[in-house]
Amino acid sequence: MKPTRKQFNNIICFIVFILGLIYILNFVTPYLYRWLPNDYIRTHLIIETLADTAQTPDVVIFGNSRGMSGINGYMLEEKMKGNPTVYSLTSTGQQVSESALYYTSLPSSVKVVLQCVDIDQLSKPIDMDTPNRVALHMYGYEMDALTEKIVPSLSEKLDISPFYYNYEARNCLFTGLSIVLRNLLDDDVIQDATAKELRYPTSKTSDRNDITYQRDVDEQNLNNKFVDYEIIPEWKQLLEDSYLYFQKRDIMYCLIIMPYNPDIKSSTFQEKQNALELVKETFQNIPMIDCFSLLEASDFYDAIHPNSKGAKKITERVILQLP
Amino acid sequence: MLFNSIEFLVFLPIVFLSYWFLFNRSVKLQNLFVVGVSYLFYGWWDGRFLLLIAFTSFFSWLSGIGIEKIRNTSEDNLKSMRLKCRWIAGGNIVLNLLILGFFKYYNFFIESFVSAFSLAGITLHTSTLYVILPVGISFYTFQALSYTIDVYRKRLEPTHDIVAFFAFVSFFPQLVAGPIERATNLLVQFYKPRTFIYDNAVDGVRQMLWGFFKKIVIADNCALVVNDVFGNYGHYSGSTLLMGAILFAFQIYGDFSGYSDIAIGTAKLFGVNLKQNFRYPYFSLNIIDFWRRWHISLNTWFVDYVYIPLGGNRVGRFKHIRNILIIFLLSGLWHGANWTFIGWGLYHGLLFICLLLLKGNKQQTPRLLKMSVTFAFVTLGWILFRSETVSMAFAYITDMFSSSLLKVPKVSGINNVIALISLFFIALMLCIEWKNRDKLFGLDLSAVRSIWIRYSLYMVILVSIYFFGNNSSDFIYFQF
């Protein structure tokens with residue numbers, strides 16, 4: 001015996017209720033996302049800063065969390081010739097392709113762009129992690145035609161239904177709560193560094209996390225990033241197009257090869273050297289500052305992020321070698 | 001297709017409405033529809049293995065027909081008839097177990113064989129195969145076997161309705177992770193027209209909601225911390241390892257009982273009743289009680305088809321102990337091709353035997369203490385279950401019971417917070433389940449008169465699933 005008419009109506013109402021609830025929760029998610037703290041709030045800071053015509057940096061730094069902790073903007077301001085205004089527009093997970101999304105929005109005051117590069121990324125296809133895409137969407141990023149030419153592969157990846165973005169962002173309540181609790185429980189965190197700091201957005205107070213260091217190194221040692229190393233043509237194109245773009249704008253575009261922890265021994269010395277040589281050869285026209293083997297193990301907070309000592313060394317080299 | 005996926009969210013209402021309004025003209029048509037959608041559900045994962053489930057179903061069905069034909073033939077004497085029936089039943093059992101054994105245990109036995117010989121200094125060169133384990137094979141194989149055995153034992157009349165039989169084996173809510181149903185319960189429901197009972201359907205939706213909460217909010221969040229702790233156990237303190245073990249206990253409970261709740265709830269929508277598979281196992285007062293509450297369908301299967309035929313407890317003490325060890329070892333082996341599962345089964349078997357020899361726990365021990373001690377023993381077993389190797393399990397336990405057991409537990413980064421949030425939801429789940437421990441499932445709020453309380457709790461759970469649910473991950477028991 002099938003459901004009666006009344007029961008059928010109730011069932012339909014229930015299905016509609018569930019769909020309606022999902023729609024409402026999906027609709028509310030962006031507001032929660034923007035209101036609650038999250039690990040990608042720097043994207044908001046970057047977009048806001050670039051949109052603010054009152055902001056006139058002379059030097060900008062792009063890159064991921066290694067750039068955030070590895071380059072000290074205050075030191076650059078103090079020691080670079082002319083004491084330029086330096087902004088670190090680095091953010092979590094920001095690969096070169098994501099950095100390129102911001103290039104055309106840079107104000108005319110910018111004279112130097114320092115692009116942090118993890119050379120192992122250049123051997124993988126251009127992509128963007130979902131949380132980064134979600135953050136760009138949530139904070140109102142829109143790609144212009146010129147950026148589409150520089151990073152064509154990301155155009156399709158960013159052109160997705162808002163419903164999907166909102167759905168992917170649904171954990172914002174969870175991560176927001178997590179960050180609030182983490183800030184309360186973890187005394188090694190510099191609060192608001194990620195959300196507000198424009199010069200040196202490192203989020204750690206100490207120089208080493210002993211609990212996680214060896215574990216992180218062991219994890220990194222499982223993966224040889226430089227075996228059979230080759231640079232994907234898309235990356236070559238992207239970096240060359242970026243260089244040409246900045247040349248037209250009379251902006252110096254300089255790549256900073258970020259350091260590799262010597263405690264990570266999954267790759268041999270020769271493999272790493274070969275990779276580095278290939279990068280230098282491929283991008284020989286683009287100014288480059290090699291920090292790949294600059295740091296010692298003690299200059300790292302964990303397996304991959306430089307600590308304050310490491311940041312000092314990297315920044316000093318940048319000041320010394322910047323063309 | 002996963003239950004916790006967008007595809008299932010679309011699949012279920014369409015199937016539900018079609019089942020009751022389009023394909024309800026006859027039982028056969030409705031059963032055929034069930035087979036169709038069940039094969040679609042299963043094939044969504046990997047269509048190649050549809051042939052395997054069809055093969056298992058067909059030969060099990062055929063074995064029933066064969067046994068019936070022999071019994072109806074009056075030409076043979078009784079002894080000869082019994083022998084032929086035994087051959088048919090045995091043949092089907094061996095065939096299905098061979099298939100199961102190949103897909104599940106081939107590489108394990110080869111590798112174990114090679115290791116055993118290497119201990120004696122003999123190097124064997126063999127090749128292992130990359131064999132994909134078909135999802136749910138352990139479940140539907142045992143389900144089909146139960147039919148053959150019940151027909152052989154004359155507990156069930158063999159069915160001529162092949163469509164009903166295929167629907168019984170492949171019924172999608174319980175196909176890939178149980179409960180392992182008996183033909184005496186499930187097959188007979190496919191003989192007659194199903195009736196839509198509104199209250200049952202509402203109950204079913206409630207049970208599904210509870211299942212999704214346990215899986216998505218509790219199990220999947222615990223998994224993040226558990227993977228970190230077990231993956232890096234050498235770097236963490238004893239207290240962190242203890243926390244990891246406890247979270248795994250709730251991960252596997254949330255995952256497996258959550259799946260069962262979703263399966264049973266979904267079946268209710270289609271007018272089908274499945275057996276309860278979990279009865280609040282962490283409220284058990286001892287190990288024997290635990291095994292009456294955990295994965296009930298598998299344990300009763302082993303009791304009915306292995307333990308009792310071996311004599312059960314109606315034999316001498318030595319044989320009784322032997323029988324208990326056999327079913328626990330088989331239960332461990334059923335879970336997977338690894339010595340850790342066998343070790344886990346053996347561990348529980350020994351605990352079971354100890355309790356039996358001590359003639360149970362008759363002391364006037366507070367209930368909470370009994371539950372805590374039982375939970376502690378069970379959690380120790382879960383360490384073995386979760387570990388990749390037996391030696392890793394022992395290293396984990398050794399590190400856990402070190403001086404660092406008294407430190408504040410701490411994992412890496414955000415996992416600390418995920419652990420806290422998971423513990424909060426676990427506490428919420430335990431409170432609700434404790435309150436409803438006499439009901440069939442935790443969210444059975446039929447006794448709560450206040451509509452505001454009921455609907456507020458439903459909304460809290462729905463919103464928690466949406467906002468606190470982690471990204472979809474496979475159910476643990478899919479690997480079995």
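Residues numbered from 1 in each chain as written. Chains lettered and ligands numbered in written order. Predicted model: local features only at pLDDT ≥ 70, side-chain atom pairs only at ≥ 80, totals over all residues. Heavy atoms only, no water.

- As named in an unreviewed UniProt entry, chain B is MBOAT family protein, taken from Parabacteroides acidifaciens.
- Check the Subcellular location (unreviewed entry) section of the UniProt entry for chain B; it says "Cell membrane".
- Quoted verbatim from the Sequence similarities (unreviewed entry) field of UniProt, the annotation for chain B is "Belongs to the membrane-bound acyltransferase family." (UniProt positions renumbered as here; feature names shortened; annotations may be inferred.)

- An unreviewed UniProt entry lists chain A under the name SGNH/GDSL hydrolase family protein, with Parabacteroides acidifaciens as the source organism.

## Topic: the environment of isoleucine 162 of chain B
Residue and element names in this part refer to chain B.
Argument step 1. Topologically, isoleucine 162 is positioned in helix 6 (residues 162–170).
Argument step 2. On the accessibility criterion, isoleucine 162 (28% relative accessible area) is partly exposed.
Argument step 3. Distance from isoleucine 162 to phenylalanine 58, taken between C-alpha atoms, is 7.9 Å for residues 104 residues apart in sequence.
Argument step 4. Once residues lying within four places of it in the same chain are set aside, the contact partners of isoleucine 162 are Phe58 and Trp61. (Helix = DSSP H or I, 4+ residues; strand = E, 2+ residues; numbered from the N terminus. Buried < 20%, exposed > 50% of the residue type's maximum accessible area, 1.4 Å probe, protein only. Contact = heavy atoms within 4.5 Å.)

## Considerations on the domain arrangement of chain A
Argument step 1. You can read the domains of chain A as domain 1 (1–29) and domain 2 (36–321).
Argument step 2. One C-alpha centre belongs to domain 1 of chain A, the other to domain 2 of chain A, and the line joining them spans 45 Å. (Domains from an automatic or database assignment.)

## Things to note about the sheet that holds strand 4 (residues 252–257) of chain A
Residue and element names in this part refer to chain A.
Argument step 1. Taken in spatial order, the five strands make up an open sheet running 2-1-3-4-5, and their pairing is parallel. Sheet topology places strand 2 (86–88) and strand 5 (288–290) at the edges, where each strand pairs with a single neighbour. Averaged over all pairs of adjacent strands, the angle between their axes in this sheet comes to 20°, without regard to strand direction.
Argument step 2. Of the pairings in the sheet, the one linking strand 4 to strand 5 comprises three bridges and is parallel in character. From the neighbouring strand, isoleucine 257 faces strand 5, where its bridge partner is aspartate 290.
Argument step 3. Seen against the sheet, helix 15 (residues 308–321) touches strand 3 (112–117), strand 4 and strand 5 and runs at an angle of roughly 140° to strand 5. (Pairing = 2+ DSSP bridges. Axes fitted to C-alpha atoms, helices over the stretch in contact; angles between N-to-C directions.)

## Some details on a negative patch on the surface
Argument step 1. The grouping of Asp144, Glu148, Glu156 and Asp159 of chain A at the surface amounts to a negative patch.
Argument step 2. Overall, the relative accessible area of 69% leaves glutamate 156 of chain A in the exposed class. (Patch = residues over 30% accessible without salt bridge, like charges linked within 9 Å, V, L, I, M, F, W, Y side chains within 5 Å. Areas by Shrake-Rupley, 256 points an atom, 1.4 Å probe, with all protein chains shown as cover. Salt bridge = Lys/Arg side-chain N within 4 Å of Asp/Glu carboxyl O. Lys, Arg positive; Asp, Glu negative; His and termini not counted. Charge placed at Lys NZ, Arg CZ, Asp CG, Glu CD.)

## Observations concerning the domain arrangement of chain B
Residues and elements named next belong to chain B.
Argument step 1. Split into domains, chain B comes out as domain 1 (6–195) and domain 2 (200–479).
Argument step 2. Each partner contributes to the interface: domain 1 provides 37 residues, whereas domain 2 provides 36 residues.
Argument step 3. Interface area lost by domain 1 to domain 2 is led by Phe108, Phe142 and Arg182, which between them contribute 18%.
Argument step 4. For arginine 182, the salt bridge is made with aspartate 304, and the minimal N-O distance between the two is 2.8 Å.
Argument step 5. On inspection of domain 1 and its partner domain 2, the count reaches 14 residue pairs in polar contact (both at pLDDT 80 or more).
Argument step 6. Every element with two or more residues in the side of domain 1 that touches domain 2 is listed here: helix 1 (6–21), helix 4 (78–119), helix 5 (137–152) and helix 7 (172–175).
Argument step 7. Broken down by element, the residue count for the side of domain 1 that touches domain 2 peaks at seven residues, all from helix 5.
Argument step 8. Of the residues contributing to the side of domain 1 that touches domain 2, the split by class is 22 nonpolar, nine polar and six charged. (Buried area = accessible area lost by both parts, 1.4 Å probe. Polar contact = N/O pair within 3.5 Å; in protein donor to acceptor, adjacent residues only side chain to side chain. Nonpolar A, V, L, I, M, F, W, Y, C, P; charged D, E, K, R; others polar.)

## Digging into helix 4 of chain B
Residues and elements named next belong to chain B.
Argument step 1. For helix 4, spanning 42 residues, the distance from its first C-alpha to its last is only 51 Å, which falls clearly below the expected 62 Å at 1.5 Å a residue.
Argument step 2. Its axis deflected by about 65° at tyrosine 105, helix 4 carries its strongest bend there.
Argument step 3. Directly beyond the C-terminal end of helix 4, a positive phi value near 85° is found at glycine 121. (Expected span 1.5 Å × (residues − 1). Bend = angle between axes of the 7 residues up to and from the residue.)

## Here we look at the interface of chain B and chain A
Argument step 1. Each side of the interface is counted separately: chain B has 34 residues, and chain A has 35 residues.
Argument step 2. Between chain B and chain A the total buried area reaches about 3300 Å² when both faces are included, carbon and sulfur atoms providing 73% of it.
Argument step 3. Counting the surface chain B buries against chain A, the share from its top three residues, His235, Tyr466 and Phe467 of chain B, is 24%.
Argument step 4. Seen at the junction of chain B and chain A, the total is zero salt bridges.
Argument step 5. Between the two partners, chain B and chain A, sit four residue pairs in polar contact (both at pLDDT 80 or more).
Argument step 6. Per-element tally for the side of chain B that touches chain A: the top contributor is helix 1 of chain B, with seven residues.

## As for the UniProt feature "transmembrane region" (unreviewed entry) in chain B
All names here are of chain B.
Argument step 1. As annotated in UniProt, the feature "transmembrane region" (unreviewed entry) corresponds to residues 6–22, 51–67, 87–106, 112–142, 162–180, 341–358, 413–432 and 452–469 in the numbering used here.
Argument step 2. In residues 6–22, helix accounts for 94% and strand for 0%; the two terminal C-alpha atoms are 24 Å from one another.
Argument step 3. With 94% helix and 0% strand, residues 341–358 has its two end C-alpha atoms placed 26 Å apart.

## A short note on unusual backbone geometry
Argument step 1. Cis rather than trans, the peptide bond between glycine 178 of chain B and proline 179 of chain B has omega equal to 5°.
Argument step 2. The topology assignment puts proline 179 of chain B in the loop between helix 7 and helix 8 (198–231).
Argument step 3. Of note in the backbone geometry, asparagine 83 of chain A takes a positive phi value of approximately 45° without being a glycine.
Argument step 4. Within the element layout of this structure, asparagine 83 of chain A appears in the loop between helix 4 (73–79) and strand 2.
Argument step 5. Here asparagine 83 of chain A falls in the exposed class, since its relative accessible area comes to 51%.
Argument step 6. Its identity is not glycine, yet aspartate 228 of chain A carries a phi of approximately 50°, on the positive side.
Argument step 7. Structurally, aspartate 228 of chain A is set in the loop between helix 12 (210–220) and helix 13 (233–248).
Argument step 8. For aspartate 228 of chain A, a relative accessible area of 72% translates into the label exposed.

## With respect to a nonpolar patch on the surface
Residue and element names in this part refer to chain A.
Argument step 1. The grouping of Tyr23, Ile24, Phe27, Val28, Tyr31 and Phe163 at the surface amounts to a nonpolar patch, some 630 Å² of accessible area in total.
Argument step 2. Take the nonpolar patch: its biggest share by element is five residues, from helix 1 (residues 5–35).
Argument step 3. Within the secondary structure, phenylalanine 163 is located in helix 9 (residues 162–168).

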